[in-house]
Amino acid sequence: MKMPKKGIITVISGFSGAGKGTVINELVKKYGYAVSISATTRQPREGEKEGKDYFFKTKEEFIQMVNNGKFIEYAKYVDNYYGTPKDYVYSQINNGKDVLLEIEMQGAMQVKENFPGVSLVFITPPDIKELKRRLLKRGTETEEVIKKRIARASEECGYMEKYDYIIVNDGLEECVEQVHALIQSLHFTSNNQKELIEGISSNFNLK
Ligand code: 5GP
(Lines give C-alpha, C1' and ligand atoms only; values in the text may rest on other atoms or scores of the structure.)
Protein backbone atom coordinates (compact mmCIF):
# COMPACT_ATOMS: atom_id res chain seq x y z
CA MET A 1 0.00 0.00 0.00
CA LYS A 2 1.27 3.47 -0.87
CA MET A 3 1.72 5.64 2.24
CA PRO A 4 0.32 9.19 2.03
CA LYS A 5 3.21 11.59 1.47
CA LYS A 6 4.25 13.69 4.45
CA GLY A 7 4.56 17.43 4.04
CA ILE A 8 7.84 19.21 4.66
CA ILE A 9 8.76 22.12 6.90
CA THR A 10 10.63 25.09 5.42
CA VAL A 11 11.90 28.06 7.40
CA ILE A 12 11.55 31.48 5.82
CA SER A 13 13.40 34.42 7.35
CA GLY A 14 14.31 37.86 6.13
CA PHE A 15 14.96 41.36 7.39
CA SER A 16 11.92 43.10 8.83
CA GLY A 17 10.52 44.92 5.81
CA ALA A 18 11.93 42.45 3.27
CA GLY A 19 8.42 41.68 2.07
CA LYS A 20 8.46 38.07 3.26
CA GLY A 21 4.97 38.34 4.74
CA THR A 22 3.54 39.27 1.34
CA VAL A 23 5.48 36.50 -0.37
CA ILE A 24 4.16 33.97 2.14
CA ASN A 25 0.56 35.17 1.74
CA GLU A 26 0.86 34.61 -2.00
CA LEU A 27 2.31 31.13 -1.48
CA VAL A 28 -0.69 30.27 0.68
CA LYS A 29 -3.23 31.71 -1.74
CA LYS A 30 -1.71 30.37 -4.91
CA TYR A 31 -0.25 27.03 -3.85
CA GLY A 32 -2.03 26.11 -0.61
CA TYR A 33 0.93 26.10 1.76
CA ALA A 34 0.13 26.01 5.47
CA VAL A 35 1.76 28.68 7.61
CA SER A 36 2.50 28.13 11.25
CA ILE A 37 0.79 30.70 13.49
CA SER A 38 3.20 31.82 16.17
CA ALA A 39 2.62 32.83 19.74
CA THR A 40 4.00 36.24 20.71
CA THR A 41 4.12 38.65 23.62
CA ARG A 42 4.04 41.60 21.17
CA GLN A 43 0.96 43.83 21.20
CA PRO A 44 -1.35 43.32 18.19
CA ARG A 45 -0.92 45.84 15.37
CA GLU A 46 -4.01 47.49 14.02
CA GLY A 47 -6.01 44.92 12.06
CA GLU A 48 -4.15 41.89 13.42
CA LYS A 49 -6.39 39.09 14.65
CA GLU A 50 -5.95 36.56 17.44
CA GLY A 51 -5.42 33.07 15.99
CA LYS A 52 -4.94 34.38 12.46
CA ASP A 53 -1.85 36.56 12.63
CA TYR A 54 -0.59 35.43 16.02
CA PHE A 55 -1.70 33.94 19.30
CA PHE A 56 -1.17 36.96 21.52
CA LYS A 57 0.10 35.96 24.97
CA THR A 58 1.21 37.63 28.17
CA LYS A 59 4.83 37.05 29.16
CA GLU A 60 3.64 34.68 31.93
CA GLU A 61 1.53 32.63 29.52
CA PHE A 62 4.42 32.47 27.06
CA ILE A 63 6.87 31.27 29.73
CA GLN A 64 4.39 28.60 30.77
CA MET A 65 4.20 27.34 27.17
CA VAL A 66 8.02 27.22 27.08
CA ASN A 67 8.10 25.22 30.32
CA ASN A 68 5.44 22.82 29.04
CA GLY A 69 7.52 22.06 25.93
CA LYS A 70 4.89 23.50 23.58
CA PHE A 71 7.32 25.11 21.11
CA ILE A 72 9.45 23.82 18.24
CA GLU A 73 11.59 26.92 18.82
CA TYR A 74 11.27 30.34 20.40
CA ALA A 75 13.30 33.54 20.58
CA LYS A 76 13.35 37.12 21.81
CA TYR A 77 13.18 39.71 19.04
CA VAL A 78 13.30 43.48 19.74
CA ASP A 79 11.83 43.33 23.29
CA ASN A 80 9.22 40.60 22.63
CA TYR A 81 9.08 36.81 22.59
CA TYR A 82 7.95 34.75 19.60
CA GLY A 83 7.55 30.97 19.37
CA THR A 84 6.32 28.25 16.98
CA PRO A 85 3.72 25.95 18.61
CA LYS A 86 4.36 22.26 17.88
CA ASP A 87 0.84 20.87 17.53
CA TYR A 88 -0.32 22.67 14.41
CA VAL A 89 2.92 22.12 12.48
CA TYR A 90 3.03 18.40 13.19
CA SER A 91 -0.62 17.83 12.35
CA GLN A 92 -0.23 19.67 9.02
CA ILE A 93 2.84 17.75 7.86
CA ASN A 94 1.21 14.47 8.88
CA ASN A 95 -1.71 15.45 6.63
CA GLY A 96 0.67 15.94 3.72
CA LYS A 97 0.75 19.75 3.79
CA ASP A 98 3.96 21.69 3.34
CA VAL A 99 4.38 24.12 6.22
CA LEU A 100 6.20 27.44 6.21
CA LEU A 101 7.71 28.84 9.41
CA GLU A 102 8.15 32.58 9.16
CA ILE A 103 10.63 33.13 11.95
CA GLU A 104 13.66 35.25 12.81
CA MET A 105 17.23 34.03 12.86
CA GLN A 106 17.79 32.76 16.40
CA GLY A 107 14.71 30.56 15.99
CA ALA A 108 15.90 29.46 12.55
CA MET A 109 19.25 28.40 14.02
CA GLN A 110 17.42 26.34 16.70
CA VAL A 111 15.39 24.60 13.99
CA LYS A 112 18.58 23.86 12.04
CA GLU A 113 20.14 22.29 15.12
CA ASN A 114 17.10 20.24 16.14
CA PHE A 115 15.87 19.31 12.65
CA PRO A 116 18.94 19.18 10.39
CA GLY A 117 16.84 18.12 7.40
CA VAL A 118 14.78 21.33 7.37
CA SER A 119 15.92 23.92 4.83
CA LEU A 120 16.37 27.56 5.74
CA VAL A 121 15.44 30.17 3.14
CA PHE A 122 16.41 33.83 3.52
CA ILE A 123 14.51 36.53 1.64
CA THR A 124 16.28 39.85 1.18
CA PRO A 125 15.43 43.10 -0.62
CA PRO A 126 17.97 44.01 -3.32
CA ASP A 127 19.60 46.65 -1.06
CA ILE A 128 19.28 48.36 2.31
CA LYS A 129 17.93 51.63 0.90
CA GLU A 130 14.95 49.66 -0.33
CA LEU A 131 14.57 48.00 3.07
CA LYS A 132 14.36 51.38 4.86
CA ARG A 133 11.88 52.61 2.29
CA ARG A 134 9.64 49.57 2.83
CA LEU A 135 9.74 49.88 6.63
CA LEU A 136 8.77 53.56 6.48
CA LYS A 137 6.06 52.94 3.91
CA ARG A 138 4.44 50.29 6.10
CA GLY A 139 3.78 53.00 8.69
CA THR A 140 2.87 50.54 11.45
CA GLU A 141 5.87 51.19 13.70
CA THR A 142 7.21 54.22 15.56
CA GLU A 143 10.48 55.76 14.40
CA GLU A 144 12.23 54.27 17.43
CA VAL A 145 11.04 50.75 16.60
CA ILE A 146 12.05 51.20 12.94
CA LYS A 147 15.54 52.23 14.07
CA LYS A 148 15.77 49.14 16.31
CA ARG A 149 14.61 46.91 13.46
CA ILE A 150 17.20 48.36 11.10
CA ALA A 151 19.90 47.86 13.74
CA ARG A 152 18.74 44.28 14.15
CA ALA A 153 18.81 43.77 10.37
CA SER A 154 22.41 44.93 10.33
CA GLU A 155 23.31 42.33 13.00
CA GLU A 156 21.36 39.69 11.09
CA CYS A 157 23.48 40.21 7.98
CA GLY A 158 26.18 38.12 9.63
CA TYR A 159 23.82 35.15 9.74
CA MET A 160 22.82 35.17 6.10
CA GLU A 161 25.52 32.70 5.14
CA LYS A 162 24.16 30.16 7.62
CA TYR A 163 21.01 29.88 5.51
CA ASP A 164 20.77 27.19 2.84
CA TYR A 165 19.15 29.45 0.22
CA ILE A 166 19.03 33.22 -0.35
CA ILE A 167 16.32 34.69 -2.54
CA VAL A 168 16.25 38.35 -3.58
CA ASN A 169 12.79 39.89 -3.50
CA ASP A 170 13.00 42.28 -6.40
CA GLY A 171 9.45 41.67 -7.61
CA LEU A 172 6.66 39.82 -5.82
CA GLU A 173 5.59 37.41 -8.51
CA GLU A 174 9.08 36.28 -9.42
CA CYS A 175 10.04 35.83 -5.79
CA VAL A 176 6.91 33.74 -5.09
CA GLU A 177 7.66 31.46 -8.06
CA GLN A 178 11.28 31.06 -7.00
CA VAL A 179 10.40 30.08 -3.43
CA HIS A 180 7.71 27.68 -4.64
CA ALA A 181 10.04 26.01 -7.16
CA LEU A 182 12.69 25.69 -4.48
CA ILE A 183 10.36 24.06 -1.94
CA GLN A 184 8.97 21.67 -4.54
CA SER A 185 12.49 20.56 -5.39
CA LEU A 186 13.18 19.94 -1.69
CA HIS A 187 10.67 17.09 -1.81
CA PHE A 188 13.26 15.16 -3.83
CA THR A 189 16.07 15.29 -1.26
CA SER A 190 16.94 11.90 0.20
CA ASN A 191 16.28 13.32 3.65
CA ASN A 192 12.68 14.04 2.68
CA GLN A 193 12.21 10.60 1.16
CA LYS A 194 13.27 8.41 4.07
CA GLU A 195 10.02 6.44 3.99
CA LEU A 196 10.45 5.73 0.28
CA ILE A 197 14.03 4.58 0.85
CA GLU A 198 12.94 2.34 3.73
CA GLY A 199 10.11 0.91 1.62
CA ILE A 200 12.41 0.10 -1.28
CA SER A 201 15.07 -1.35 1.01
CA SER A 202 12.52 -3.58 2.73
CA ASN A 203 11.38 -4.92 -0.68
CA PHE A 204 14.74 -6.64 -0.98
CA ASN A 205 13.93 -8.68 2.10
CA LEU A 206 10.74 -10.10 0.54
CA LYS A 207 10.87 -13.78 -0.40
P1 5GP B 1 6.68 41.02 13.66
O2 5GP B 1 6.68 41.68 15.02
O3 5GP B 1 7.11 41.96 12.58
O4 5GP B 1 5.38 40.32 13.36
O5 5GP B 1 7.78 39.87 13.72
C6 5GP B 1 9.09 40.17 14.11
C7 5GP B 1 10.02 39.02 13.77
O8 5GP B 1 9.67 37.87 14.52
C9 5GP B 1 9.96 38.64 12.29
O10 5GP B 1 11.30 38.48 11.84
C11 5GP B 1 9.24 37.31 12.31
O12 5GP B 1 9.68 36.48 11.25
C13 5GP B 1 9.69 36.75 13.64
N14 5GP B 1 8.80 35.71 14.17
C15 5GP B 1 7.45 35.60 14.02
N16 5GP B 1 7.02 34.48 14.61
C17 5GP B 1 8.12 33.86 15.14
C18 5GP B 1 8.32 32.63 15.86
O19 5GP B 1 7.40 31.85 16.13
N20 5GP B 1 9.59 32.35 16.22
C21 5GP B 1 10.64 33.14 15.95
N22 5GP B 1 11.84 32.76 16.33
N23 5GP B 1 10.49 34.29 15.25
C24 5GP B 1 9.24 34.65 14.87
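Cut-offs and rules
Within each chain, residue numbers correspond to sequence positions counted from 1 in written order. Side-chain atom pairs in this predicted model are given and counted only at pLDDT of 80 or more, local residue features only at pLDDT of at least 70, and totals for whole chains, interfaces and linings cover all residues. Think of the side-chain values as coming from all heavy atoms in the structure, minus any hydrogens and water. Three labels apply to residues, based on accessible area from a 1.4 Å probe with only protein chains included: buried if under 20% of the type maximum, exposed if over 50%, partly exposed otherwise in between. Each helix is a run of H or I in the DSSP string that is no shorter than four residues. Each strand is a run of E no shorter than two, and both are numbered from the N terminus. At least two DSSP bridges between two strands are required for those strands to pair. Residues are labelled near a given molecule or strand when at least one of their non-hydrogen atoms is within 4 Å of it. We call two N or O atoms a polar contact when they sit within 3.5 Å, provided that within protein one can donate a hydrogen and the other can accept it, with sequence-adjacent residues counted only if both atoms are side-chain atoms. Accessibility throughout is a Shrake-Rupley quantity obtained with a 1.4 Å probe, and a residue counts as covered only by protein chains that appear here. Geometry is summarised by axes, namely lines fitted to C-alpha atoms with helices restricted to the contacting stretch, and by angles between N-to-C directions that run from 0 to 180 degrees. Here the word oblique covers every angle except those under 35 degrees (roughly parallel), over 145 (roughly antiparallel) and from 65 to 115 (roughly perpendicular). By definition, any crossing whose near helix is turned counterclockwise from its far helix by less than a right angle is left-handed, and any crossing with a clockwise turn is right-handed. In this analysis, two residues are considered to be in contact whenever any of their non-hydrogen atoms come within 4.5 Å of each other. Residue type decides the class: Asp, Glu, Lys and Arg count as charged, Ala, Val, Leu, Ile, Met, Phe, Trp, Tyr, Cys and Pro as nonpolar, and the leftover types, Gly among them, as polar. A 1.4 Å probe that fits but cannot get out identifies a cavity on a 1 Å grid over protein atoms alone, an open set with protein on both sides within 12 Å along at least five of seven lines counts as a pocket, and a residue lines either if it has an atom within 4 Å of a point. Grid points are joined across faces, edges and corners, and a volume is the space filled by probe spheres set on the points. We define the nonpolar core as a collection of buried residues of types Ala, Val, Leu, Ile, Met, Phe, Trp, Tyr and Cys that are connected through side-chain atoms lying within 4.5 Å of one another. In what follows, salt bridge is the name for a side-chain nitrogen of Lys or Arg lying within 4 Å of a carboxyl oxygen of Asp or Glu.

Peer 1: Help me understand the pairing of strand S6 (residues 80–85) in this model?
Peer 2: Where burial is concerned, most of S6 is hidden: 5 out of the 6 residues are buried. Of the strand pairs in this sheet, strand S3 (residues 39–40) and S6 are connected by 2 bridges, and their pairing is antiparallel. Of the residues in S6, the one forming a bridge with threonine 40 is tyrosine 82. The hairpin formed by strand S5 (residues 71–77) and S6 contains 2 residues between the paired strands, and valine 78 there has a positive phi angle of roughly 35°.

Peer 1: Can you walk me through the site of the ligand in this structure?
Peer 2: Surrounding the ligand, one finds 16 residues, the nearest of these being Ser38, Arg42, Tyr54, Tyr82 and Glu104. For the ligand, an oxygen atom lies 2.7 Å from a polar atom in the side chain of serine 38. The backbone of glycine 83 places a nitrogen or oxygen atom 3.1 Å from an oxygen atom of the ligand. Relative to its unbound accessible area of 510 Å², the ligand is 94% covered by the protein chains.

Peer 1: Before we go on, may I ask you to explain the packing of helix H5 (residues 128–138) against helix H6 (residues 143–156) in this structure?
Peer 2: For any two helices packed against each other, one specifies the inter-axial angle together with the distance between the axes. H6 packs onto H5 with a crossing angle of 150° between their chain directions and a minimal axis gap of 11 Å. Overall, the two elements H5 and H6 adopt an arrangement that is roughly antiparallel. The interaxial crossing formed by H5 with H6 has right-handed handedness. Residue-level inspection shows Leu131, Lys132, Leu135, Leu136 and Arg138 of H5 in contact with H6, the latter providing Ile146, Arg149, Ile150 and Ala153. Its residues assigned to classes, the contact of H5 with H6 shows 6 nonpolar, no polar and 3 charged.

Peer 1: Would you mind going over the layout of surface pockets with me for this structure?
Peer 2: Taken as a whole, the largest pocket spans an internal volume of roughly 1300 Å³. Gly21, Arg45, Tyr54, Glu102 and Arg138 are, among the 44 residues lining the largest pocket, the residues nearest its centre. Secondary-structure elements contributing two or more residues to the lining of the largest pocket are strand S1 (9–14), helix H1 (20–31), S5, S6, H5 and H6. The class makeup of the residues in the lining of the largest pocket is 13 nonpolar, 14 polar and 17 charged.

Peer 1: I would appreciate a short explanation of the sheet that holds S3 in the present structure.
Peer 2: Across a sheet, strands are paired by hydrogen bonds formed along the backbone, either parallel or antiparallel in direction. Across the sheet, 4 strands lie side by side as S4-S3-S6-S5; this open sheet has mixed pairing. At either margin of the open sheet sits one strand with a lone partner, and together these are strand S4 (55–56) and S5. Lying over the sheet, helix H3 (residues 86–94) contacts S5 and S6, oriented at roughly 30° with respect to S6.

Peer 1: What am I meant to see in the nonpolar core here?
Peer 2: One broad rule of soluble globular proteins: the nonpolar side chains tend to lie buried together. Ranked by size, the top nonpolar core spans 22 residues in total, and within it Val11, Phe15, Leu101, Ala108, Val111 and Tyr163 carry the most contacts. Ranked by residue count, the leading element in this core is helix H4 (residues 105–114), at 4 residues. If near-sequence neighbours (up to four positions away) are discounted, phenylalanine 15 is found in contact with Lys20, Phe122, Ile123, Thr124, Pro125, Leu131, Ala153, Glu156, Cys157 and Met160.

Peer 1: Is there a simple way to think about the sheet that holds strand S7 (residues 99–102) in this case?
Peer 2: With parallel pairing, 5 strands are arranged side by side in an open sheet as S2-S7-S1-S8-S9. Of all strands in the sheet, those with a lone pairing partner are strand S2 (34–35) and strand S9 (165–168), marking the two edges. Two elements, S1 and strand S8 (residues 119–124), share 5 bridges in a ladder whose sense is parallel. Bridging across to S8, valine 11 finds its partner in leucine 120. Seen against the sheet, H3 touches S1, S2 and S7 and runs at an angle of roughly 155° to S7.

Peer 1: I keep staring at the pattern of salt bridges and nothing clicks. Help me out?
Peer 2: Where charged atoms from two side chains of opposite charge approach closely, those side chains can pair. Tallied over the entire structure, the rule returns 10 salt bridges. The shortest N-O distance in the salt bridge between glutamate 48 and arginine 45 comes to 3.8 Å. Close ionic contact of glutamate 104 with arginine 152 constitutes a salt bridge, the shortest N to O distance being 2.8 Å. With glutamate 104 in the loop between S7 and H4 and arginine 152 in helix H6, this residue pair connects regions lying 48 residues apart in the sequence. Of the two residues, glutamate 104 and arginine 152, neither departs from the other in class, the shared state being buried.

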